[in-house]
Amino acid sequence: MSIIRFIKNWTLPVSITGGIIIYLIFALTPALDGAARFCAPICDRILPLFMFLILFVTFCKVDFRRLVPVKWILWVSVVQVALVALATLITVELGLSGRSLILMEAILTCIIGPCAAAAPVVTAKLGGNLEQMTTYTFISNFITALLIPICFPLIDRSADISFVQAFLAILNEVCSVLLLPMLMAYIVKHTMHRFHKWVTGIKDLSYYMWGGSLLIVSGTTAKNIAHADTTLGFLAIIGVLGLVLCIAQFAMGRFIGHYFGATTEAGQALGQKNTAFAIWIAYTYLHPLSSIGPGCYILWQNIINSVEIWHYRKHEGHEPTI
């Protein structure tokens, strides 16, 4: 029982560690090369399915009548836009190139990335407002869709990207990741009452499914770091920058939120990023090494999430269900 309790209390660090260990086992065991090649495409297909199911279960518990913008959403959005503008301005004015440009691109992808689709899951776990977080998640994705095609061509002249092309690509991502599970949840909630009751009756279902997806993402991140064509010292610098940005964005979000009685919601909104999406845009439009930034950010933000959940359980004396 102590092992089960430990896994339950520290699901996210266990998932991160497990994903890294599994990758190392396959990477360091030549006899498993065939199995690794067989499993790689399967994992690539399973991850989107995990995200769909996580959000479907979460949205089944959403009161759709309460999906309206509130004041803290405006200020968090303004801060994100300001940070992106500052990073872009520094890059352009200083004419950064080489490793300096890669570092700034890594920073920018950690800032410009939209709020994680799983942020409502953690917010609900911390006793926050699920509907407010769901509303901000949509708004954040559209802000990102507008900022990327404006900023990326300015900082990287080789970024072959047009506004319409980027906007439609990101809009497609929003629809598949957010709108479809929300639509399915709405239909189930209003037409399939018995199935809806069964789904919502399973305690922490979406949370543990998210732990499973994090297992895959962590292994993939470890693989990308191991195959990065650069020095260990440069990778360490990117990793440390990711940590600083992660702490700073969580802190700024919580600072904004305490003025509106939404410390948890605003902190998760600004700090918890859709890093899988950030990795994709870095690989697609910027230098591939810049994707290590959001790759490391995955680890830092989930360590912070784990500490937050532990602290909530310890001091509130109960566990919210999601």
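Each remark here, short or long, concerns the structure printed above.
Below is a summary of the structure that appears in this document.

Section: the overall build of the chain
Step number 1: Along the chain, the regular secondary structure elements total 14 helices and 0 strands.
Step number 2: Reported as C-alpha extents along the three principal axes, the dimensions of the chain are approximately 55 × 55 × 40 Å.
Step number 3: In the chain, which comprises 322 residues, the share counted as buried stands at 49%.
Step number 4: Put simply, of all contacts in the chain between residues at least 6 apart along the chain, 83% involve residues at least 24 apart.
Step number 5: In the structure as shown, the chain presents an accessible area of about 15,300 Å², 70% of it carried by carbon and sulfur atoms.
Step number 6: Distance from the positive charge centre (20 side chains) to the negative charge centre (15 side chains) of the chain: 11 Å.

Let's talk about the environment of P114
Step number 1: Along the chain, the position of P114 falls in the loop between α5 (98–112) and α6 (119–125).
Step number 2: A relative accessible area of 1% places P114 in the buried class.
Step number 3: Residues P114 and Q132, 18 residues apart in the sequence, show an inter-C-alpha distance of 15 Å.

Focus on the packing of helix α2 (residues 11–28) against helix α10 (residues 205–226)
Step number 1: Across the interface, α2 lies against α10 with an axial gap of 7 Å and an inter-helix angle of 40°. Viewed along their axes, α2 and α10 adopt a mutual orientation that is oblique. Read as a crossing pair, α2 and α10 show a hand that is right-handed. When α2 is examined against α10, the residues T11, L12, S15, I16, G18, G19, I20, I22 and Y23 are found in contact with a partner set consisting of Y207, Y208, W210, G211, L214, L215, S218, G219, A222, K223 and A226.

A look at the packing of aromatic side chains
Step number 1: If you walk through the whole model with that rule in mind, you get 3 aromatic pairs.
Step number 2: Look at W72 and Y136: their rings are 5.7 Å apart centre to centre, the planes differ by 40°, and that puts the pair in the tilted class. Here W72, found in helix α4 (residues 71–94), pairs with Y136, found in helix α7 (residues 130–155); they are 64 residues apart in sequence, far enough to count as distant.
Step number 3: A relative accessible area of 0% places Y136 in the buried class.
Step number 4: Between the aromatic rings of F255 and Y259, the centroid separation amounts to 5.4 Å while the plane-to-plane angle is 90°, which identifies the pairing as edge-to-face.

Thoughts on the layout of surface pockets
Step number 1: In this structure, the second largest pocket encloses a volume near 220 Å³.
Step number 2: Forming the walls of the second largest pocket are 10 residues, and the residues nearest its centre are L126, R254, T264, E308 and H311.
Step number 3: The element that contributes the greatest number of residues to the lining of the second largest pocket is helix α14 (residues 292–316), accounting for 6 residues.

A short note on α4
Step number 1: Here α4 spans 35 Å end to end across 24 residues, near enough to the 34 Å set by a 1.5 Å rise per residue.
Step number 2: Along α4, the residues that are buried comprise W72, I73, V76, S77, Q80, V84, A87, T88 and T91.
Step number 3: Of the surrounding elements, those touching the buried residues of α4 are α5, α7, α11 (232–257) and α12 (263–271).
Step number 4: Trailing α4 by a residue or two, G95 shows a phi angle of about 60°, which is positive.

What counts, and where the lines are drawn
- Residue indices follow the written sequence of each chain, beginning from 1 at its first position.
- Under the rules for a predicted model, residues below a pLDDT of 70 receive no local features and side-chain atom pairs below 80 are neither given nor counted, while totals for whole chains, interfaces and linings still include all residues.
- To get the side-chain values, take all heavy atoms of the structure and skip hydrogens and water.
- Counting from the N terminus, the helices are the DSSP runs of H or I reaching at least four residues and the strands are the DSSP runs of E reaching at least two.
- Summary of the burial criterion: residues with accessible area below 20% of their type's maximum are buried, those above 50% are exposed, and those between are partly exposed, where the area comes from a 1.4 Å probe applied to protein chains only.
- Throughout, a contact is declared for two residues whenever any of their heavy atoms are within 4.5 Å.
- Note on areas: Shrake-Rupley, 1.4 Å probe, and residue coverage restricted to the protein chains presented here.
- Neither His nor the chain ends is counted toward charge; the positive residues are Lys and Arg and the negative residues Asp and Glu.
- To locate a charge, the coordinates of NZ of Lys, CZ of Arg, CG of Asp or CD of Glu are taken.
- Only the stretch in contact is used when fitting a helix axis, every axis being a line fitted to C-alpha atoms; angles between N-to-C directions are given from 0 to 180 degrees.
- Convention used here: angles under 35 degrees read as roughly parallel, angles over 145 as roughly antiparallel, angles from 65 to 115 as roughly perpendicular, and any remaining angle as oblique.
- Crossing chirality is assigned from the near helix's rotation relative to the far helix, an anticlockwise turn below a right angle marking it left-handed and a clockwise turn marking it right-handed.
- By convention, a stacked pair of Phe, Tyr or Trp rings (six-membered ring in the case of Trp) has centres within 6.5 Å and planes under 30 degrees apart, an edge-to-face pair has planes over 60 apart, and any other such pair is tilted.
- The way it works is a 1 Å grid over only the protein atoms, where trapped points that fit a 1.4 Å probe form a cavity and open points with protein on both sides within 12 Å along at least five of seven lines form a pocket, and then any residue with an atom within 4 Å of a point lines it.
- Grid points are joined across faces, edges and corners, and a volume is the space filled by probe spheres set on the points.
- One less than the residue count of a helix, multiplied by 1.5 Å, gives the span that helix is expected to have.

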